[in-house]
Amino acid sequence: MPAMKNIVVLISGRGSNMQAIVKAAQAERWPARIAAVISNRADAEGLAFAASHGIPTAVVSNKAFATREAFDAALAQAIDGFQPDLVVLAGFMRILTPGFVEHYAGRMLNIHPSLLPSFAGLATHRQALAAGVKVHGATVHFVTANLDHGPIVDQAAVPVLPDDTETTLAARVLEQEHIIYPRAVRMFVEGRLRVANGLVRIDAPATQPA
Ligand code: GAR
(Lines give C-alpha, C1' and ligand atoms only; values in the text may rest on other atoms or scores of the structure.)
Protein backbone atom coordinates (compact mmCIF):
# COMPACT_ATOMS: atom_id res chain seq x y z
CA MET A 1 0.00 0.00 0.00
CA PRO A 2 1.54 3.37 -0.97
CA ALA A 3 1.59 6.07 1.73
CA MET A 4 -1.49 8.29 1.87
CA LYS A 5 -0.87 11.57 0.08
CA ASN A 6 -2.11 14.88 1.43
CA ILE A 7 -4.07 17.13 -0.91
CA VAL A 8 -4.76 20.78 -0.06
CA VAL A 9 -7.48 22.38 -2.20
CA LEU A 10 -7.70 26.15 -2.72
CA ILE A 11 -11.05 27.70 -3.63
CA SER A 12 -12.53 31.18 -3.97
CA GLY A 13 -16.23 30.42 -4.37
CA ARG A 14 -18.71 27.67 -5.17
CA GLY A 15 -16.18 24.86 -4.99
CA SER A 16 -17.99 22.42 -7.27
CA ASN A 17 -14.70 21.05 -8.61
CA MET A 18 -13.46 20.61 -5.05
CA GLN A 19 -16.66 18.70 -4.26
CA ALA A 20 -16.17 16.44 -7.28
CA ILE A 21 -12.63 15.67 -6.10
CA VAL A 22 -13.70 14.99 -2.50
CA LYS A 23 -16.46 12.66 -3.67
CA ALA A 24 -14.22 10.77 -6.11
CA ALA A 25 -11.46 10.38 -3.51
CA GLN A 26 -13.94 8.80 -1.11
CA ALA A 27 -15.88 6.70 -3.64
CA GLU A 28 -12.77 5.39 -5.40
CA ARG A 29 -10.70 5.02 -2.21
CA TRP A 30 -7.72 6.97 -3.47
CA PRO A 31 -4.43 6.61 -1.56
CA ALA A 32 -4.94 10.25 -0.56
CA ARG A 33 -6.82 12.45 1.85
CA ILE A 34 -8.14 15.96 1.37
CA ALA A 35 -6.09 17.44 4.19
CA ALA A 36 -7.66 20.91 3.98
CA VAL A 37 -9.73 23.29 1.92
CA ILE A 38 -8.42 26.86 2.05
CA SER A 39 -10.14 29.95 0.67
CA ASN A 40 -9.09 33.55 0.19
CA ARG A 41 -12.72 34.51 0.80
CA ALA A 42 -14.58 33.83 4.05
CA ASP A 43 -17.88 33.74 2.12
CA ALA A 44 -16.81 30.99 -0.31
CA GLU A 45 -19.78 28.61 -0.52
CA GLY A 46 -17.50 25.58 -0.82
CA LEU A 47 -16.22 25.96 2.74
CA ALA A 48 -19.52 24.68 4.20
CA PHE A 49 -19.39 21.52 2.06
CA ALA A 50 -15.82 20.83 3.22
CA ALA A 51 -16.67 21.38 6.87
CA SER A 52 -19.73 19.13 6.59
CA HIS A 53 -17.44 16.39 5.27
CA GLY A 54 -15.08 16.70 8.22
CA ILE A 55 -12.36 18.41 6.18
CA PRO A 56 -10.36 21.12 7.98
CA THR A 57 -10.95 24.55 6.47
CA ALA A 58 -9.05 27.81 6.67
CA VAL A 59 -9.47 31.32 5.32
CA VAL A 60 -6.51 33.49 4.38
CA SER A 61 -8.04 36.74 3.20
CA ASN A 62 -6.07 38.55 0.55
CA LYS A 63 -7.66 41.77 1.79
CA ALA A 64 -5.68 41.47 5.01
CA PHE A 65 -2.35 41.88 3.18
CA ALA A 66 -0.85 44.94 1.51
CA THR A 67 1.08 43.07 -1.18
CA ARG A 68 0.73 39.91 -3.24
CA GLU A 69 4.01 38.69 -1.74
CA ALA A 70 2.73 39.05 1.83
CA PHE A 71 -0.54 37.30 1.00
CA ASP A 72 1.20 34.46 -0.82
CA ALA A 73 3.63 34.00 2.10
CA ALA A 74 0.74 33.71 4.56
CA LEU A 75 -1.12 31.40 2.21
CA ALA A 76 1.92 29.15 1.79
CA GLN A 77 2.33 28.99 5.56
CA ALA A 78 -1.29 27.89 5.96
CA ILE A 79 -0.97 25.31 3.16
CA ASP A 80 2.34 23.91 4.44
CA GLY A 81 0.82 23.37 7.88
CA PHE A 82 -1.05 20.48 6.22
CA GLN A 83 2.12 18.97 4.69
CA PRO A 84 0.73 18.79 1.15
CA ASP A 85 1.97 16.40 -1.51
CA LEU A 86 -0.31 18.21 -3.95
CA VAL A 87 -1.97 21.63 -4.04
CA VAL A 88 -5.13 21.75 -6.15
CA LEU A 89 -6.41 25.10 -7.41
CA ALA A 90 -10.16 24.72 -7.89
CA GLY A 91 -11.63 28.04 -8.93
CA PHE A 92 -8.96 29.89 -6.95
CA MET A 93 -9.19 33.32 -8.50
CA ARG A 94 -5.84 34.85 -7.58
CA ILE A 95 -2.74 35.53 -9.63
CA LEU A 96 0.14 33.84 -7.81
CA THR A 97 3.62 35.27 -7.31
CA PRO A 98 6.60 33.52 -8.94
CA GLY A 99 7.98 32.58 -5.51
CA PHE A 100 4.74 30.84 -4.55
CA VAL A 101 4.57 28.98 -7.85
CA GLU A 102 8.22 27.92 -7.51
CA HIS A 103 7.62 26.63 -3.97
CA TYR A 104 4.96 24.22 -5.31
CA ALA A 105 6.65 23.41 -8.61
CA GLY A 106 5.61 19.98 -9.87
CA ARG A 107 2.99 19.60 -7.13
CA MET A 108 0.33 22.18 -7.99
CA LEU A 109 -2.51 21.63 -10.46
CA ASN A 110 -5.11 24.06 -11.84
CA ILE A 111 -8.27 23.71 -13.90
CA HIS A 112 -8.98 26.36 -16.49
CA PRO A 113 -12.30 26.62 -18.35
CA SER A 114 -10.96 26.61 -21.91
CA LEU A 115 -8.95 24.44 -24.26
CA LEU A 116 -5.55 25.96 -23.50
CA PRO A 117 -3.57 27.57 -24.98
CA SER A 118 -6.74 29.26 -26.27
CA PHE A 119 -8.47 31.75 -24.01
CA ALA A 120 -6.21 32.20 -21.01
CA GLY A 121 -7.36 34.68 -18.37
CA LEU A 122 -10.90 35.56 -17.37
CA ALA A 123 -14.34 35.29 -19.03
CA THR A 124 -13.25 32.29 -21.09
CA HIS A 125 -16.78 31.40 -22.26
CA ARG A 126 -17.34 34.95 -23.46
CA GLN A 127 -13.99 34.78 -25.26
CA ALA A 128 -14.97 31.50 -26.94
CA LEU A 129 -18.34 32.87 -28.09
CA ALA A 130 -16.72 36.03 -29.40
CA ALA A 131 -14.14 34.02 -31.35
CA GLY A 132 -16.85 31.83 -32.88
CA VAL A 133 -15.07 28.57 -32.10
CA LYS A 134 -17.13 25.45 -32.62
CA VAL A 135 -15.49 23.48 -29.83
CA HIS A 136 -14.60 24.70 -26.36
CA GLY A 137 -13.68 22.92 -23.16
CA ALA A 138 -11.53 22.70 -20.08
CA THR A 139 -7.90 21.96 -19.25
CA VAL A 140 -6.12 20.57 -16.20
CA HIS A 141 -2.50 21.68 -16.08
CA PHE A 142 0.50 21.98 -13.81
CA VAL A 143 0.92 25.53 -12.58
CA THR A 144 3.98 27.41 -13.79
CA ALA A 145 4.94 31.08 -13.63
CA ASN A 146 3.39 31.57 -17.09
CA LEU A 147 -0.29 32.16 -16.21
CA ASP A 148 -2.61 29.44 -17.58
CA HIS A 149 0.19 27.88 -19.66
CA GLY A 150 1.68 25.03 -17.63
CA PRO A 151 2.12 21.43 -18.84
CA ILE A 152 -1.27 19.97 -19.82
CA VAL A 153 -2.46 16.89 -17.93
CA ASP A 154 -5.93 16.44 -19.41
CA GLN A 155 -8.54 18.22 -21.52
CA ALA A 156 -12.18 17.74 -22.45
CA ALA A 157 -13.94 19.31 -25.42
CA VAL A 158 -17.60 20.24 -25.78
CA PRO A 159 -19.50 21.58 -28.80
CA VAL A 160 -20.43 25.24 -28.97
CA LEU A 161 -24.09 25.34 -30.05
CA PRO A 162 -25.70 28.12 -32.11
CA ASP A 163 -27.93 29.35 -29.29
CA ASP A 164 -25.32 29.16 -26.54
CA THR A 165 -24.98 31.92 -23.97
CA GLU A 166 -22.09 32.21 -21.54
CA THR A 167 -24.30 30.46 -18.99
CA THR A 168 -25.27 27.46 -21.11
CA LEU A 169 -21.72 27.04 -22.40
CA ALA A 170 -20.24 27.32 -18.90
CA ALA A 171 -22.61 24.63 -17.64
CA ARG A 172 -21.64 22.25 -20.45
CA VAL A 173 -17.95 22.82 -19.75
CA LEU A 174 -18.38 22.49 -15.97
CA GLU A 175 -19.90 19.05 -16.37
CA GLN A 176 -16.67 17.98 -18.09
CA GLU A 177 -14.51 19.72 -15.48
CA HIS A 178 -16.08 17.48 -12.85
CA ILE A 179 -14.90 14.45 -14.84
CA ILE A 180 -11.38 15.46 -15.85
CA TYR A 181 -10.25 17.16 -12.63
CA PRO A 182 -10.84 14.21 -10.30
CA ARG A 183 -9.28 11.93 -12.93
CA ALA A 184 -6.16 14.10 -13.19
CA VAL A 185 -5.76 14.43 -9.43
CA ARG A 186 -6.13 10.70 -9.08
CA MET A 187 -3.37 10.11 -11.64
CA PHE A 188 -1.13 12.48 -9.68
CA VAL A 189 -1.71 10.71 -6.36
CA GLU A 190 -1.09 7.39 -8.07
CA GLY A 191 2.29 8.76 -9.17
CA ARG A 192 1.49 8.34 -12.86
CA LEU A 193 2.26 11.87 -14.14
CA ARG A 194 5.75 12.65 -15.43
CA VAL A 195 6.70 16.07 -16.74
CA ALA A 196 9.59 16.47 -19.17
CA ASN A 197 10.32 19.44 -21.42
CA GLY A 198 6.99 21.03 -20.55
CA LEU A 199 4.99 17.97 -21.60
CA VAL A 200 3.11 15.53 -19.38
CA ARG A 201 3.46 11.81 -19.91
CA ILE A 202 0.98 9.50 -18.21
CA ASP A 203 2.10 6.08 -17.03
CA ALA A 204 -0.30 3.16 -17.28
CA PRO A 205 -2.12 2.29 -14.07
CA ALA A 206 -0.43 -0.27 -11.86
CA THR A 207 -1.94 -3.68 -12.50
CA GLN A 208 -3.89 -5.18 -9.63
CA PRO A 209 -2.38 -8.31 -8.07
CA ALA A 210 -4.59 -11.32 -8.92
C1 GAR B 1 -14.50 26.62 -12.81
O2 GAR B 1 -15.20 26.71 -14.02
C3 GAR B 1 -13.01 26.72 -13.05
O4 GAR B 1 -12.59 26.11 -14.23
C5 GAR B 1 -12.83 28.21 -13.11
O6 GAR B 1 -13.68 28.73 -12.11
C7 GAR B 1 -14.78 27.85 -11.94
C8 GAR B 1 -14.85 27.49 -10.47
O9 GAR B 1 -16.01 26.72 -10.21
N10 GAR B 1 -11.46 28.59 -12.90
C11 GAR B 1 -10.90 29.65 -13.45
O12 GAR B 1 -11.50 30.43 -14.15
C13 GAR B 1 -9.43 29.82 -13.11
N14 GAR B 1 -8.88 30.94 -13.81
P15 GAR B 1 -16.10 25.89 -8.86
O16 GAR B 1 -15.74 26.84 -7.71
O17 GAR B 1 -17.54 25.46 -8.79
O18 GAR B 1 -15.14 24.73 -8.95
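Residues numbered from 1 in each chain as written. Predicted model: local features only at pLDDT ≥ 70, side-chain atom pairs only at ≥ 80, totals over all residues. Heavy atoms only, no water.

(A) Region of the structure containing the packing of helix H1 (residues 16–27) against helix H6 (residues 166–189). The contact between H1 and H6 brings their axes to 9 Å, and the two run at 45 degrees. When the axis of H1 is compared with that of H6, the two are oblique. The way H1 lies across H6 gives a crossing that is right-handed. For the pair H1 and H6, the contacting residues are Ser-16, Asn-17, Ala-20, Ile-21 and Ala-24 in the first and Leu-174, Glu-177, His-178, Tyr-181, Pro-182 and Val-185 in the second. Of the residues that constitute the contact of H1 with H6, the class distribution is seven nonpolar, three polar and one charged. (Axes fitted to C-alpha atoms, helices over the stretch in contact; angles between N-to-C directions. Helix = DSSP H or I, 4+ residues; strand = E, 2+ residues; numbered from the N terminus. Parallel < 35°, antiparallel > 145°, perpendicular 65-115°, else oblique. Left-handed = near helix turned anticlockwise from the far one by under 90°. Contact = heavy atoms within 4.5 Å. Nonpolar A, V, L, I, M, F, W, Y, C, P; charged D, E, K, R; others polar.)

(B) Spotlight on the site of the ligand. Every residue close to the ligand is listed here: Arg-14, Gly-15, Ser-16, Asn-17, Gly-91, Met-93, Ile-111, His-112, Pro-113, Leu-174 and Glu-177. Asn-17 places a polar side-chain atom, nitrogen or oxygen, 2.9 Å from an oxygen atom of the ligand. Surface burial for the ligand is 86%, taken as the share of its 450 Å² of free accessible area covered by protein chains. Those elements giving two or more residues to the shell around the ligand turn out to be H1, strand E5 (108–112) and H6. Taken together, the residues of the shell around the ligand sort by class into four nonpolar, five polar and two charged. (Near = heavy atom within 4 Å. Polar contact = N/O pair within 3.5 Å; in protein donor to acceptor, adjacent residues only side chain to side chain. Areas by Shrake-Rupley, 256 points an atom, 1.4 Å probe, with all protein chains shown as cover.)

(C) Region of the structure containing the environment of Ala-145. With respect to the element layout, Ala-145 can be found in the loop between strand E6 (135–142) and strand E7 (152–159). Linking Ala-145 and Thr-97, residues 48 residues apart in sequence, is a C-alpha distance of 7.7 Å.

(D) Local environment of unusual backbone geometry. Across the junction of Leu-116 and Pro-117, the peptide omega takes the value 10 degrees, indicating a cis bond. Along the chain, the position of Pro-117 falls in the loop between E5 and helix H5 (124–131). A positive phi angle is found at Asp-148, which is not glycine, with a value near 60 degrees. Position of Asp-148 relative to the elements: it lies in the loop between E6 and E7.

(E) Here's a closer look at the side chain of Thr-124. For Thr-124, the location among the structural elements is in helix H5. Of the residues examined, Thr-124 reaches a relative accessible area of 4% and is grouped as buried. Among the polar contacts listed, one links the side chain of Thr-124 to the backbone oxygen of Pro-113, at a separation of 2.8 Å. Contacts of Thr-124, omitting those with residues within four sequence positions, involve His-112, Pro-113, Ser-114, Phe-119 and His-136. (Buried < 20%, exposed > 50% of the residue type's maximum accessible area, 1.4 Å probe, protein only.)

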